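What the coordinates show
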Amino acid sequence: MIDITLPDNSVKQYDEGVTALKVAQDISEGLARNVLAAKVNDEVWDATRPITENASVQLLTWNDIDGKAAMWHSSAHLMAEAIEILYPGVKFGIGPDIENGFYYDIDFMDYEISEKDLVKIEKKMQELARQKQVFERLDVSKDEALAYFEEKGDEYKLELINELEDGTITYYKSGSFTDLCRGPHIPSTGVIKAIKLTKVAGAYWRGDENRKQLTRIYGITFPKKKELDEYLVLLEEAKKRDHRLLGKELELFTFSQKVGQGLPLWLPKGAELRERLETYLKTVQKKAGYAPVISPHIGNVNLYKTSGHYQKYGEESFRPITTPVDGEEFFLKPMNCPHHCEIFNAKPHSYKELPIRYAEFGTVYRYEQSGELHGLTRVRGFTQDDAHIFCTPDQIKDEFNGVIDIIQQIFTALDFKDVIIQISLRDPDKKEKYIGSEENWQKSEQAIMDVAADRGLNAVVEYGEAAFYGPKMDFIVKDAIGRKWQLGTIQVDYNLPERFDLTYIGADNEKHRPVMIHRAPFGSMERFVAVLIEHCGGNFPLWLIPEQAIILPISEKYNEYGKKVLALLDQMGIRATIDNRSEKTGRKIRDAEMKKIPFMFVVGEQEEIDNNLSVRKHGEGDLGKFTVEEISNIINSEVEKMMNLK
RNA sequence: GCCAGCAUAGCUCAGUUGGUCAGAGCAGCUGAUUUGUAAUCAGCAGGCCGUGGGUUCGAAUCCCUCUGCUGGCUCCA
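Worth saying up front: this structure is predicted, and the values here are computed from it rather than measured. (Residues numbered from 1 in each chain as written. Chains lettered and ligands numbered in written order. Predicted model: local features only at pLDDT ≥ 70, side-chain atom pairs only at ≥ 80, totals over all residues. Heavy atoms only, no water.)

Some words on the nonpolar core
Counting 79 residues, the largest nonpolar core has Leu277, Leu414, Met473, Phe528 and Phe601 as its most contacted members. Per element, the largest residue contribution to this core is 9 residues, and it comes from helix α13 (residues 396–413). Here Leu277 is in contact with Leu414, Phe522, Met525, Phe528, Val529, Trp543 and Leu544, once residues within four sequence places are set aside. (Core = buried A, V, L, I, M, F, W, Y, C linked by side-chain atoms within 4.5 Å. Buried < 20%, exposed > 50% of the residue type's maximum accessible area, 1.4 Å probe, protein only. Helix = DSSP H or I, 4+ residues; strand = E, 2+ residues; numbered from the N terminus. Contact = heavy atoms within 4.5 Å.)

Rendered as C-alpha cells:
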C-alpha cells in the first residue's frame, strides 16, 4: 500500500500502481471525466501512469495551465495521426503545445499543403477523437528507437533521438500513431471535442535558417464547443482592434508602395495625435530636467566605427551613402546614442553638472527583413522618444527612479493599468561575456533591484538577459483584451562611454568615466501609437483624440449658429468640427458615433434661442443642454485631470 | 530573406469551366428634401482588374517575373 496525499492534505491509501485517474474516480465520476493530467510530486504525469510510491497528487483539468498543455500536446499527436493517415510517408519534426494551442512541424515531401487542406485534416481528427483513443506510454531503449525511426525513414526523429540518453526515451502510442515523446498526455482523445486548425506556415527545422524548411500547422482544441466559439470571438475582437485597419479607418497613417515598405506616412490626424503625445512627453521631461538636443539623420562611417555599430550591423543594414568626393561614407542613423555621445564630448564636464540628460525625438532607420515588417509595430524608419543620461555610478538609482516616474505618469495618462516589469541581469556563470567592471555591474544591478523593491514594482528578474554592455529594465503593458506588449525600456551602458572616451572631472580633479543610461518611455512613436490604438480600439483618451467634438445642426438653417459655436469652442481650446451636410440628425449622429467622436453637439431652433447646445456623448447618449462655456470647461478639466501635469 | 496565401473603383467585396464579366454596397459629386439623437430619395462619376512578359482566335480568369500586402519562421521529442 502507498499513501496518496491530495492538495487539501488528506491522505488516501492505495495499492501500488494506482493511477491519478483512479484517484479521481474515487472522488467523483465527473472529476474523472475532466482529468487531463496530474501533478505527481510536482512533476506533470499522465493521469494513467501507475504510481509506485508514496506521492502527493494534484489532479489537473482544463482550468490548469499544465492540464491545457497536456491537452494541446495530445492534440498535436492527434493531428499527426490524422496527417499520417491522409498523407502516408510524411516525416515529422516536433509538435509541442504552445501558449494558445499547438503546432506540428512536418516535412510533407511531395505533398502540397495549403489552408484548404486544413478542413480535411480537422475532419479526420474529429473522427479519430471520437474513437476515444487511449495514449499508451512505452519505455524504449535508444537502439530500439533508432531502429524504429530508421525503418520509418524519419531523419528528424533520428536526429532528436541521437541527442537523448539511453534509458530516458519514451514512446507514446495513440491509435495508429507512435511518436517519440516525453509526454505527458491526456487519458484519451475523447476529451477533445472542438478542433480548429488555424494556419499553415513555414518553419526552419530547429529554427535554423540554413536547414530545411518544414511545414508548420497550427491548431487549437477545446473540451467544449462553446469554448472554441468564445476563442473565435476573441480573435474577431482582436481583428477589429487591429491598428492597421483602424489606422486606415481613422485616417491616422498609410503606406505607399512608391515610398517603400516599412516606411509609414503619417496623415494629418495621425500626425496631430502623435504631436500631442510628443508635446506631452516634452513637457514632462522638461520638468524632469532633460535638455533637448537635435542631431542629423546621417552620420559619418567613423561615428559608427567608434560606437561599434559598424562592425556589428554594417552588413545587414541600409547600404552606406557615398558622396561625389572620394572616400566619404555616411550611414542613415540606426540609433541616436553615438550622436549624443559626441554632444556630450563637445565640452569638458564637471561632476557638478551631472546628471546630464539629453532628449531627442530622433528618427532612425533600420533594415528589417521584409517578412518582419508589420504595420506600425515593425518598420524600417521610426522615431524614438530617446534620451541619454550621463551620470556617476552612484546616481544610477535616482535616475532610474526619475525615469520610472515619467513612465508611470505616461501609462496612467493613457490608461495602461496593467504593467509588468522585466529586469534583465547578467548570467552569473558567464560574467566574462560582459563589458564593464565587476564593481560597476554590481552597483547598477543592485540599484535596479533596490528601485524595484522600494517602489513595490511587479517585476520579474531574468538572469542572462542583460545586454553585453549593461543591465536593463523593460516595461510590458497588458492591453484591454489581455495581450502583452513591450514598450518602454531603461538600459545601463558601460560600453559607449568607453568607446567615445567620455569623461568628467571629479571632485578630486581627476578624469572619471560617466555611466550612460538609454531610456525611451514609449519605445518608438510608431510602435506606441500602434499599441495605443489596439488598447483603446480607436477610442483614444479625450486629451489625445483628433476630434473631441462635432457640431450637428438639425438642418441647414442652423449652420450659421453652428459656425458661431465652432468659433467659440475653438477659443475655448476644444478640437471640434461641424457636419453641415444636408442630412437628417439621425444620420449625422450615426456617422459621428462610427467615427468614435466623444462629444456631439446637436443644435437647432431651441439651442439657437437659448444660446446653448444639446450634448450627446459617444456610446452613452443624450446628456442634456449645456452652454459652450460649461461643456468646454467640463472637457478641459477632464483633459487636465488625465494629463496630470502639475 | 524563406514557406504558404493574397492583389478587381477611395473603402469592403462579387466576377461560375478563359468568350457582352468589368459589377454591387459604402464613400464622393449633383439635385430634391430642411430634417431633433445610430443610415431620406434620385441621378452622376469612379478601374489598362498591382507590374512586366508568355500561352490563346480571345485572359481579370491559365503560366512565369517583379512589386507590395497577410500569416508564420526563439515556445525545442
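Observations regarding the packing of aromatic side chains
Within the structure shown, the criterion is met by 26 aromatic pairs. Taken together, a centroid distance of 4.9 Å and an interplanar angle of 85° make the contact between Tyr148 and Phe149 edge-to-face. Using a relative accessible area of 31% as the deciding quantity, one classes Tyr148 as partly exposed. Relative to Tyr367, the ring of Phe318 has its centre 5.6 Å away and its plane inclined at 80°; by these criteria the two rings are edge-to-face. Here Phe318 is found in the loop between α11 (309–313) and β18 (321–322), whereas its partner Tyr367 is found in the loop between β20 (356–365) and β21 (381–391), with 49 residues between them in sequence. When its relative accessible area of 40% is taken as the criterion, Tyr367 is described as partly exposed. A cation over an aromatic ring shows up here: Arg49 above the ring of Trp45, its NZ or CZ 3.9 Å from the ring centre. Of note, Arg274 hangs over the ring of Trp266, and the distance from its end group to the ring centre comes to 5.0 Å. (Phe/Tyr/Trp six-rings, centres within 6.5 Å; stacked < 30°, edge-to-face > 60°. Lys NZ or Arg CZ within 6 Å of the ring centre and 35° of its normal.)

Overview of the protein's contact with RNA strand B
Around RNA strand B sit 57 residues in total, of which Leu180, Gln213, Gln261, Arg587 and Glu607 are the nearest. Sugar and phosphate atoms constitute 52% of the interface atoms of RNA strand B, taking the interface as everything within 4 Å of the protein. Within the contact set of RNA strand B, a base nitrogen lies 3.1 Å away from a side-chain nitrogen or oxygen of Gln369. Within the side chain of Glu556, a nitrogen or oxygen atom sits 2.9 Å from a base oxygen of RNA strand B. Of all the secondary structure elements, the ones that give two or more residues to the surface near RNA strand B are β7 (97–98), α6 (155–162), β12 (194–204), β13 (213–222), α8 (243–249), α18 (585–594), α19 (605–610) and β32 (613–617). (Near = heavy atom within 4 Å. Polar contact = N/O pair within 3.5 Å; in protein donor to acceptor, adjacent residues only side chain to side chain.)

What to know about the sheet that holds strand β19 (residues 329–332)
If you trace the 3 strands from one edge of the open sheet to the other, you get β17-β19-β18, paired in antiparallel fashion. The open sheet has two free edges, formed respectively by β17 (298–300) and β18, since each of these has just one partner strand. Bridge count for β17 against β19 is 3 bridges, and the pairing is antiparallel. Each bridged residue has a counterpart across the sheet, and for Ile298 the counterpart in β19 is Leu332. (Pairing = 2+ DSSP bridges.)

Concerning the sheet that holds strand β23 (residues 459–463)
The 8 strands lie next to each other as β16-β20-β21-β28-β25-β24-β22-β23, forming an open sheet whose pairing is mixed. Pairing within the sheet leaves two strands with one partner each, and these edge strands are β16 (291–292) and β23. Pairing between strand β22 (residues 418–425) and strand β24 (residues 472–478): 7 bridges, direction antiparallel. In the strand pairing of β24, Gln422 is matched with Asp474. Of the strands in this sheet, β22, β23, β24 and β25 (484–493) are in contact with helix α14 (residues 438–455), which crosses β22 at around 160°. (Axes fitted to C-alpha atoms, helices over the stretch in contact; angles between N-to-C directions.)

Notes on the pairing of strand β10 (residues 170–174)
Among the 5 residues that make up β10, 4 are buried, leaving the element largely enclosed by the rest of the structure. As paired strands, strand β9 (residues 136–139) and β10 are joined by 4 bridges and run antiparallel to one another. Looking across to β10, one finds that Leu138 is bridged to Tyr171. When β10 meets strand β11 (residues 177–180), the two strands line up antiparallel, connected through 4 bridges. Bridge pairing in β11 links Ser174 to Phe177. Counting the residues between successive antiparallel strands, the hairpin from β10 to β11 contains 2 residues, one of them, Gly175, with a positive phi of roughly 55°.

Considering the pairing of β32
Direction of pairing for strand β31 (residues 599–603) relative to β32: antiparallel, over a ladder of 4 bridges. The residue bridging Met600 from the neighbouring strand is Arg616, located in β32. In terms of strand pairing, β32 meets strand β33 (residues 621–626) through 5 bridges, oriented antiparallel. Counted as the bridge partner of Val615 is Gly624 from β33. In this antiparallel pair of consecutive strands, β32 and β33, the connection spans 3 residues, and Gly619 shows a positive phi of 75°.

Structural notes on the pattern of salt bridges
Enumeration according to the criterion identifies 43 salt bridges in this entry. Of the charged contacts, one joins Asp415 and Lys417 as a salt bridge, the two residues approaching to 2.8 Å between their closest N and O atoms. (Salt bridge = Lys/Arg side-chain N within 4 Å of Asp/Glu carboxyl O.)

Brief notes about the confidence of the model for chain A
Here chain A averages 88 in pLDDT, while 99% of its residues score no lower than 70. Scored by ipTM, the complex comes to 0.86, with pTM at 0.85. (pLDDT = per-residue confidence, 0-100.)

Observations regarding the packing of helix α3 (residues 65–86) against helix α4 (residues 116–130)
In the contact formed by α3 and α4, the axes pass within 9 Å of each other and the chain directions differ by 110°. Comparing their axes, α4 and α3 come out roughly perpendicular. Helix-helix and strand crossings are classified by hand; for α3 and α4 the assignment is right-handed. Contacts from Ser75, Leu78, Met79, Glu81, Ala82, Ile83, Ile85 and Leu86 in α3 reach Lys120, Ile121, Lys124, Met125, Leu128 and Ala129 in α4. Classifying every residue of the contact of α3 with α4 by side-chain character gives 10 nonpolar, 1 polar and 3 charged. (Parallel < 35°, antiparallel > 145°, perpendicular 65-115°, else oblique. Left-handed = near helix turned anticlockwise from the far one by under 90°. Nonpolar A, V, L, I, M, F, W, Y, C, P; charged D, E, K, R; others polar.)

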